[in-house]
Amino acid sequence: MIGELLLQSESAMAIQNSVNYVWVLVVCFLIFFMQPGFALLESGQVRAKNVGNVLMKNMTDWTVGVLVFFLVGAGVTAISGALTTSGAELSIESAMPWLGEVGSTTFIGWLFGAVFAMTAATIVSGAVAERMNFKAYVFFAAVMTAIIYPVMPGFAWGNNGLLTAGGYLGDAIGVGYIDFAGATVVHMCGGIAGLVAAYMVGPRKGRYDENGNSQPIPGHSMLLAVLGTLILAFGWYGFNVGTQATVLSAGADGAFTFNGTALGLVALNTTLGMGAGGVAAMLVSTFWQGKPDPLWTANGLLAGLVGVTGAVSSVTWWGAVLIGLVVGALVLPTFRWTVDSLKIDDVCGVFAVHGGAGAIGTIMIPLVATSGTGGTFAYEFLGFDQLAMQIVGVLVIAAWTIITTMITLKIADALFGLRVSDEEEDIGLDQGEHGVSVYPEFTGDGAPEPSPTVTADGGDDVRTDGGRPTDATEDTE
Amino acid sequence: MSESDIEMIVAVIRPDKLGDVKQSLAEIGAPSLTVTNVSGRGSQPSKTGQWRGEEYVVDLHQKVKVECVVAEIPAEDVVEAIKEGAHTGEKGDGKIFVLPVESATQIRTGKEGVEAV
């Protein structure tokens, strides 16, 4: 009888894991699809001469990033969590996915972590577009996925870590930090790293006039930017709803429970936050500029998503709307403040969209929270301890990101130089860094060999000195 | 009239008037034309563009340049047809120029002069 129960329980576990981990794999692929979204969003906001460079940065932080995150980053996450929790056991062997014993879900779990890490890394390229040295960027992307980002989930997520209930800070305040899918852990980390990087690299040539007033440098395709935004939003469903990784739970008696309520709340709040962010930004842009602006609306939609990303599992539906409205409305003023007051040339507004929105949305969680998923979703204030913890968490993540980004870029500056030359900035990074043209117009005749010397009159080579070539054997006295 | 009796009519018009101009040129029997997207400045006042809340001045307006080369059809008729097709009465309607053409050669047949046109 007991043996039968155990057997039943074992197959129930197998079914549970199959359903949950296939779901996790599917959302990994969805989150990966945020990469083309970022590539389009950033490409559209730069001039045509720098599109190839933006695409290279987006591809490189993925390709280099996954390798670095496998070898180093994932381990850093586990180690930074264990080191900042009292009594936690530190095991290097189990921290590295390629070192310790491999369970049935080890590699799936690694991929799930990796797609989040690459999202944080790719945000930065939008801030430093059109003037950063490619080598310095690749170096930064590698450090970002090896150390800067991985420490954040180590601190805030999982069973231990500085900001969790068991960590040193969480223990001191009495509650754990709430950031469900990474509004601050992923997005604010990327947004602030971008802001610091844009500051250190310096503004693009011509971005500020001699009086320090900003001059607009319009991007080359709003179509690409908006299309990228919507593709990002699609991938975001994986980012948020996928973080609700447990779809099916098996009890000890082999009975299954479907976690539809939790999944539904996350899906609903993600959608409402996105809508509210877009509407608020559209209204603010209308008020500010006189007409509703597509790019601001797109930025607001993303800011709404960032804002609710930490909150989706624990706030009321109207809380998600409120967060979306607040962060969406703040996108335009935050961007203007970055550019006009801080004088930082954040090309794609990544601080306004990812940094500011992530911080505000996450701090607002205790104010609009729900008591639980018991079918009522009644409002509940989570208390001042929780509010304090949210603020402390945001500050810790911001401080870590600022300090490590500055150190990394100082090293990159010494090794490679942060900026391309003035001349290269003029001709564009596509030509300068990669020798390509993303929008070639007239090309040669396609001959694999260089065409024979072309002369204006069809005769001998025309020389600029007006002379004629002489036969080398001829006596030229 | 130039010596070769061939003339080129160059017109800079509003992009949205291209369809009307093509229609009116076809009606007078001069359907051949070359079209280019161009930017230019004339009497049309500059407008302001906006990028992320920052305004910038656009004084080179998007126009379409139409080039027609005619021999037997009088250039005045072509000018009249383009004028009718492209006219709105607002600043920025564009200009029409007539230039003499020294020679013409049809690439396919090798015909020269009036026959080539």
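When helices and strands are tallied, chain B shows 2 helices and 6 strands. Reading chain B from its N terminus to its C terminus gives the helix and strand order β-α-β-β-β-β-α-β. For a compact globule of 117 residues, the expected C-alpha radius of gyration is about 13 Å, and chain B comes in at 17 Å, more than 25% above that figure. Burial status across chain B gives 22% buried among its 117 residues. Here the contacts in chain B between residues at least 6 apart in sequence split such that 73% fall between residues at least 24 apart.

Our next topic: the overall build of chain A. In terms of regular secondary structure, chain A is built from 17 helices and 2 strands. Structurally, chain A occupies a C-alpha span of about 115 × 55 × 40 Å along its principal axes. For chain A, the residues scored as buried account for 49% of the 477 residues in total. Of all intrachain contacts in chain A linking residues separated by at least 6 positions in sequence, the fraction that spans at least 24 positions is 77%.

Let us look at the confidence of the model for chain B. On average, residues of chain B score 92 in pLDDT, and 97% of them reach the 70 mark or higher. Prediction confidence for the complex, expressed as pTM and ipTM, is 0.86 and 0.70 respectively.

The interface of chain A with chain B comprises 9 residues on the first partner and 7 residues on the second. Here the side of chain A that touches chain B gets 3 residues from one element, more than from any other, and that element is helix α13 (residues 317-341) of chain A. Tallied by class, residues from the side of chain A that touches chain B come to 6 nonpolar, 2 polar and 1 charged.

Take the environment of Thr-229 of chain A next. Along the chain, Thr-229 of chain A turns up in helix α10 (residues 222-241). Not counting residues within four places of it along the chain, the set of residues in contact with Thr-229 of chain A comprises Leu-41, Ala-298, Leu-301 and Leu-302 of chain A.

Residue and element names in this part refer to chain B. Taken together, 4 strands build an open sheet; the order of strands is β2-β5-β1-β6 and the sheet is antiparallel. With partners counted over all chains shown, the strands left at the sheet margins are β2 (34-40) and β6 (94-101), one partner each. Direction aside, neighbouring strands of the sheet carry axes that sit 25° apart on average. Direction of pairing for β2 relative to strand β5 (residues 61-70): antiparallel, over a ladder of 7 bridges. Considered in β5, the bridge of Val-38 is made with Lys-63.

Turning next to the nonpolar core. Core analysis: the biggest nonpolar cluster contains 129 residues, and Cys-189, Ala-197 and Val-331 of chain A have the highest contact counts within it. Residues within four places of Val-331 of chain A in sequence aside, it is in contact with Ala-281, Trp-296, Asn-299, Gly-300, Ala-303, Ala-352, Val-353 and Ala-357 of chain A. If you look at the next biggest cluster of nonpolar residues, it comprises 18 residues, including Ile-9, Ile-13, Cys-68 and Val-69 of chain B.

So, on to the packing of helix α5 (residues 106-127) of chain A against helix α6 (residues 134-148) of chain A. Relative orientation and spacing of two packed helices are given, respectively, by the angle between their axes and the distance between those axes. All names here are of chain A. The contact between α5 and α6 brings their axes to 9 Å, and the two run at 150°. Between α5 and α6, the angle is such that the two are roughly antiparallel. Crossing of α5 against α6: the hand is right-handed. Mapping the contact onto sequence places Ala-117, Ala-121, Val-124 and Ser-125 in α5 and Tyr-137, Ala-141, Met-144 and Thr-145 in α6.

A word on the environment of Ile-360 of chain A. Residue and element names in this part refer to chain A. Tracing the sequence through the fold places Ile-360 in helix α14 (residues 350-363). The class for Ile-360 is buried, based on 20 C-beta atoms found within 10 Å. Along the backbone, Ile-360 and Val-308 are 52 residues apart, and their C-alpha atoms lie at a distance of 9.5 Å. In this structure, Ile-360 is in contact with Gly-307, Val-326, Val-327 and Leu-330, ignoring residues within four places of it in sequence.

Looking now at the pairing of β5 of chain B. Where strand β1 (residues 6-13) of chain B meets β5 of chain B, 7 bridges bridge the pair, whose relative direction is antiparallel. Among the inter-strand pairings, Val-12 of chain B is bridged to a residue of β5 of chain B, identified as Lys-65 of chain B.

This next bit is on α13 of chain A. For α13 of chain A, built from 25 residues, the straight-helix expectation of 36 Å at 1.5 Å per residue is met to within 8% by its first-to-last C-alpha distance of 35 Å. Directly after α13 of chain A, the chain includes Lys-343 of chain A, whose backbone phi takes a positive value near 60°.

Conventions adopted
- Residues numbered from 1 in each chain as written.
- Chains lettered and ligands numbered in written order.
- Predicted model: local features only at pLDDT ≥ 70, side-chain atom pairs only at ≥ 80, totals over all residues.
- Helix = DSSP H or I, 4+ residues; strand = E, 2+ residues; numbered from the N terminus.
- Rg over C-alpha atoms; globule rule 2.2 N^0.38 Å.
- Buried ≥ 20, exposed ≤ 12 C-beta atoms within 10 Å, placed from the backbone.
- Contact = placed C-beta atoms within 7 Å.
- pLDDT = per-residue confidence, 0-100.
- Nonpolar A, V, L, I, M, F, W, Y, C, P; charged D, E, K, R; others polar.
- Pairing = 2+ DSSP bridges.
- Axes fitted to C-alpha atoms, helices over the stretch in contact; angles between N-to-C directions.
- Core = buried A, V, L, I, M, F, W, Y, C linked by C-beta atoms within 7 Å.
- Parallel < 35°, antiparallel > 145°, perpendicular 65-115°, else oblique.
- Left-handed = near helix turned anticlockwise from the far one by under 90°.
- Expected span 1.5 Å × (residues − 1).

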